[in-house]
Amino acid sequence: MNKDMTNKLKSGMSEISGRVLLIDDDRIFGKIIQAAANEMGMKLDTLVDAPSKRKIPAMKEYDLVLLDYDLEGTTGFALAEQMNKLLPNVPVILISSSNRPYQDKLGRLPNIIGFVSKWSKPEEFFTRSVELYKVRPLAAA
C-alpha cells in the first residue's frame, strides 16, 4: 500500500473510533485484511465462523461489522437478520467475491449499510467501507 493512500485511509479511519469485526471463513482473505488494518492502525478483530445467536449480543462493542456473505453453514444476510433483531444499531457491510448479496435486497435490513467486493485491493476495500460508514443511516440512531 502506498504511503499517500495509507495516510488518507488513516485519517478516514478516524471516523470509526472503536473496533471493527471481520467475519469471514476465508482465512487467507482475513490475513490480508488484518495486515492492511494493522498497517493503518485500525483495531480489527476477526472471526472465521458465524457466532451463535447467543453470542451475538457480545458484538455490541464493535462500531462496524464486515460480514462475508458466503459463510460455511449460513449466509451473511441470515446473520445480519439476527443482528438486526439483537443489535440494530451495529452497522454491517456485506462483503463477497460474488454479486449474490444483491439478490437479498441489501436495503431491506436497516443495519446493512452496503456492500464491498472482496476483489478490491485492500486500500479500496477500506476506502469504500469508510465511505459507507460515514453516510450510514444508523448514524443518527
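The rules behind the values
Residues numbered from 1 in each chain as written. Predicted model: local features only at pLDDT ≥ 70, side-chain atom pairs only at ≥ 80, totals over all residues. Heavy atoms only, no water. Helix = DSSP H or I, 4+ residues; strand = E, 2+ residues; numbered from the N terminus. Contact = heavy atoms within 4.5 Å. Areas by Shrake-Rupley, 256 points an atom, 1.4 Å probe, with all protein chains shown as cover. Buried < 20%, exposed > 50% of the residue type's maximum accessible area, 1.4 Å probe, protein only.

Visitor: What is the right way to read the overall build of the chain from this model?
Guide: On a plain count of helices and strands, the chain comes out with four helices and seven strands. The N-to-C order of helical and strand elements in the chain reads α-β-α-β-β-β-β-α-β-β-α. Put simply, 66% of the contacts in the chain that link residues at least 6 apart link residues at least 24 apart. Counting every atom, the chain has about 7,500 Å² of accessible surface; 49% of that belongs to carbon and sulfur.

Visitor: Mind showing me how you'd approach the environment of I23 here?
Guide: Topologically, I23 is positioned in strand β1 (residues 19-23). For I23, a relative accessible area of 0% translates into the label buried. Sequence separation between I23 and I95 is 72 residues; the distance between their C-alpha atoms is 9.5 Å. In this structure, I23 is in contact with L47, D49, A50, P51, M59, V65, L66, L67, D68, L71 and L79, ignoring residues within four places of it in sequence.

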